[in-house]
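As a plain string of letters, each chain reads:
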Amino acid sequence: MSAPDSPLFLFARHMGDNGLILGHRLSEWCGHGPVLEQDITMTNIALDLIGQARLYYQLAAEMHPSDLTEDDIAYLRPERAYSNVLLVEQPNGDFAHTVLRQFLFDAWHLPFLHRLCDSPESGLGEIAAKAVKEVSYHYRWSREWVIRLGDGTEESHRRMTQALDDLWIYREELLLPSDWEQTLIRSEIIPDPDVLRPEWQHAIHATLSEAGLPIPQTPVIQQGGKNGIHTEHLGHLLAELQYMQRAYPGQVW
Amino acid sequence: MTATRSRDEILQILSRVCDPEIPVLTVLDLGIIRDVSVENDSSVIVTITPTYSGCPAMRLIETEIRAVLVEAGIPDPVIRTILHPAWTTDWMTPAGREKLERFGIAPPQPRDQHPPCPRCHSRNTRELSAFGSTACKALWQCQDCKEPFDYFKCH
Ligand SMILES: [Zn+2]
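Criteria and cut-off values
- Residues numbered from 1 in each chain as written.
- Chains lettered and ligands numbered in written order.
- Predicted model: local features only at pLDDT ≥ 70, side-chain atom pairs only at ≥ 80, totals over all residues.
- Heavy atoms only, no water.
- Pairing = 2+ DSSP bridges.
- Helix = DSSP H or I, 4+ residues; strand = E, 2+ residues; numbered from the N terminus.
- Axes fitted to C-alpha atoms, helices over the stretch in contact; angles between N-to-C directions.
- Contact = heavy atoms within 4.5 Å.
- Salt bridge = Lys/Arg side-chain N within 4 Å of Asp/Glu carboxyl O.
- Buried < 20%, exposed > 50% of the residue type's maximum accessible area, 1.4 Å probe, protein only.
- 1 Å grid on protein atoms, 1.4 Å probe; cavity = no way out; pocket = protein on both sides within 12 Å on 5 of 7 lines; lining within 4 Å.
- Points joined across faces, edges and corners; volume = space filled by probe spheres on them.
- Nonpolar A, V, L, I, M, F, W, Y, C, P; charged D, E, K, R; others polar.
- Donors = N, O, S within 2.8 Å, 3.2 Å for Na, K, Ca; no water.
- Tetrahedral: all angles 85-135°; square planar, octahedral: opposite > 155°, others 65-115°.
- Buried area = accessible area lost by both parts, 1.4 Å probe.
- Right-handed = clockwise from strand over helix to strand, strands pointing away.

Describing the sheet that holds strand 2 (residues 44–48) of chain B
All names here are of chain B.
And step 1. The strand order across the open sheet formed by 3 strands is 1-2-3, and the pairing between neighbours is mixed. Sheet topology places strand 1 (33–38) and strand 3 (78–81) at the edges, where each strand pairs with a single neighbour. Averaged over all pairs of adjacent strands, the angle between their axes in this sheet comes to 15°, without regard to strand direction.
And step 2. Together, strand 1 and strand 2 form the strand contacts of helix 1 (residues 7–14), whose direction differs from that of strand 1 by roughly 135°.
And step 3. In this fold helix 3 (residues 58–71) packs onto strand 1, strand 2 and strand 3, with an angle of close to 160° to the strand it touches most, strand 2.

A word on the pattern of salt bridges
All names here are of chain A.
And step 1. Taken as a whole and assessed by the stated rule, the structure comprises 16 salt bridges over all chains.
And step 2. Glutamate 144 is paired through a salt bridge with arginine 140; the nearest N and O atoms lie 3.8 Å apart. Of the two residues, glutamate 144 and arginine 140 are both situated in helix 6 (residues 122–150); the distance of 4 residues between them amounts to about one turn of the helix.
And step 3. Two residues, glutamate 155 and arginine 159, come together in a salt bridge whose shortest N-O distance is 2.9 Å. Within this pair, glutamate 155 and its partner arginine 159 are both found in helix 7 (residues 154–167), separated by 4 residues, close to a single helical turn.
And step 4. By relative accessible area, arginine 159 is classed as partly exposed at 33%.
And step 5. Taken together, the shared-partner salt bridges connect Asp94, Glu155, Arg158 and Arg159 into one network.

Overview of the layout of surface pockets
And step 1. For the largest pocket, the calculated volume is near 1700 Å³.
And step 2. In terms of lining residues, the largest pocket is bounded by 39 residues, among which Arg54(A), Gln58(A), Glu70(A), Asp71(A) and Arg59(B) are the most central.
And step 3. At 10 residues, helix 2 (residues 36–63) of chain A tops the list of elements feeding residues into the lining of the largest pocket.
And step 4. Classifying every residue of the lining of the largest pocket by side-chain character gives 22 nonpolar, 9 polar and 8 charged.
And step 5. Roughly 430 Å³ of internal volume is contained in the second largest pocket.
And step 6. In terms of lining, the second largest pocket is formed by 18 residues, of which the most central are Tyr137(A), Arg140(A), Arg111(B), Asp112(B) and Cys154(B).

Concerning the environment of Ala86(B)
And step 1. Following the sequence through the fold, Ala86(B) ends up in the loop between strand 3 and helix 4 (94–103).
And step 2. Ala86(B) sits in the buried class, given a relative accessible area of 16%.
And step 3. In sequence terms Ala86(B) and Thr49(B) are 37 residues apart; their C-alpha atoms lie 7.6 Å from each other.
And step 4. Setting aside residues no more than four positions away along its own chain, Ala86(B) makes contact with Ala129(A), Lys130(A), Lys133(A) and Trp91(B).

Regarding the side chain of Thr49(B)
And step 1. One can find Thr49(B) in the loop between strand 2 and helix 3.
And step 2. Contacts of Thr49(B), omitting those with residues within four sequence positions, involve Ile32(B), Arg34(B), Met58(B), Ile82(B), Leu83(B), Pro85(B), Trp87(B) and Trp91(B).

A short note on the coordination of the zinc ion
Residues and elements named next belong to chain B.
And step 1. Bound to the zinc ion on the protein side are Cys117 (SG), Cys120 (SG), Cys142 (SG) and Cys145 (SG), at distances that span 2.3 to 2.4 Å.
And step 2. For the zinc ion, the 4 donor atoms in the first shell make angles of 102 to 118° at the metal, a pattern classed as tetrahedral.
And step 3. All donor residues of the zinc ion come from one chain, and their arrangement in sequence is C-x2-C-x21-C-x2-C. One end of the pair, cysteine 117, is in the loop between strand 4 (105–106) and strand 5 (125–129); the other, cysteine 145, is in the loop between strand 6 (137–142) and strand 7 (148–152), with 28 residues separating them in the sequence.
And step 4. Look at cysteine 145 and you get partly exposed, because its relative accessible area is 31%.

A closer look at the interface of chain A and chain B
Where the parts come together, the accessible area they lose is often given as the size of the interface.
And step 1. Listed per partner, the contact involves 21 residues of chain A and 23 residues of chain B.
And step 2. Summed over both partners, the interface of chain A with chain B comes to about 1900 Å²; 59% of that surface belongs to carbon and sulfur atoms.
And step 3. The three residues of chain A that bury the most area against chain B are Lys130(A), Lys133(A) and Tyr137(A), which together make up 35% of that side's buried surface.
And step 4. Viewed at the interface, chain B and chain A are joined by 1 salt bridge.

Here we look at the pairing of strand 3 of chain B
Residue and element names in this part refer to chain B.
And step 1. Where strand 2 lies against strand 3, 4 bridges are found, and the strand directions are parallel. Paired with threonine 47 across the two strands is arginine 80, which belongs to strand 3.
And step 2. Since strand 2 and strand 3 lie parallel, the crossover through helix 3 that links them has a hand, and here it is right-handed.

Below, the structure is given as C-alpha cells:
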C-alpha cells in the first residue's frame, strides 16, 4: 500500500489542473474567435497556461515516490482525480462568457502568483516568478474586455450581465482552501486567501463598476472541484483531451 | 580521445543555433544560454532557460544545441534547463536588437515607450493586440505609414 500523496504534490497538481483545463477551453476557440486578433490572443493565453501546467506537473512528478511522468498526470487520470476549480471547466459559451471566466480567474491568479513568488518552497516560487509575467498580460486583456463589453452596446452589456449571472457562483471557490491547501497555508508555503481577499475583491468590484455591470447579490457558492467533485462539463472535456492516449496508449509524436 | 574545448569555443559553436521562429536571432542573442561550463573530464554542460513557459520552440532548440555540439566532436553534452532567474528581454544582446529591427520586428523598448515602426521609424504607433504570431510578440501598427508590424514585447 502506498503512502497518501503529500499536500505539496496535491497543490502542484491542482495548479497544473487549473492551467491545463482552462488552457484546453481557450484552445477550443482556435479558428473560431470573433476576430483574428482575439483568436490569436486566446490561443496565446492557452499556450501560456498549458506551459505553466507542464511546469507544475513536472514538479509534482519529481516529488512523487513512483516513476510518474507529467504525461501520466495530464492524460491518464479519471475525472474524479482532477482538482481544478469548477470555474475553469465551464464551457466557453459566447465571447462574453469566455472573457468573464478569464477575468474572474486572472483577478485571483495574478495576486496569488505575486505572493507565491516568495514561497520558501523554491520549486513553486520559481514557477510563480515565471508565470506572473505571463499572467499580467492575461489580466490586462480580460479586464479590458470586461469593461469594453460591459460598457459597450446594449447587446454586449446584456451578454456580459448574463455571463455574470452564470459564472459568479464559481468565483469564491478560488479562495476556499482544501485540506491540503490549509496545511500549506499554515506552514506559509502558499499565500493565505484571507490576506489576498481584499485586493481580489477590490479588483473585481472596481472593474465591474467601470464596466457598468451590477455586482450579483446571490449568496450561492458552488465548489467541489478541488476535491474532485466536478460539474457535468469536465468529463466531456477530458474525453477529448485524453482521447489519443486512451485510444493509443503510450503513443508519441 | 576528445580534445578539451574552451568555453569561448563552445559559445562560438552555440552561435550557430537560431530561434526556429525568429531565424535571425541566435540563442546567444536571445539570452537564453545562461551558462556554459567545461568540466575537468572535458564534458560540457550548457544551461538554458525558456523564454515563455509554453514556448513550443524550446524542445527544438535543445535538440539543435545537442546536435551542433555533437557535430563539433563533443560526444555527450549535458543540457540543463533552469527557470530561475526568469528570462527577461533585458538579456537580449544589442546585436540581437539590431538584427530584429533589420528583420522588420521592433525590438523591446523600455516600459511604456512606443516601439518605433521598423519601416519608417515613426514613433507614432499603436498597439493592435498584446498577443501576436508567437508568444514573444505583440501586434502594432504605424499611424504614419499605416503598416502593421510585430513588436518583440518587453518581458
Ligand atoms: Zn511606419
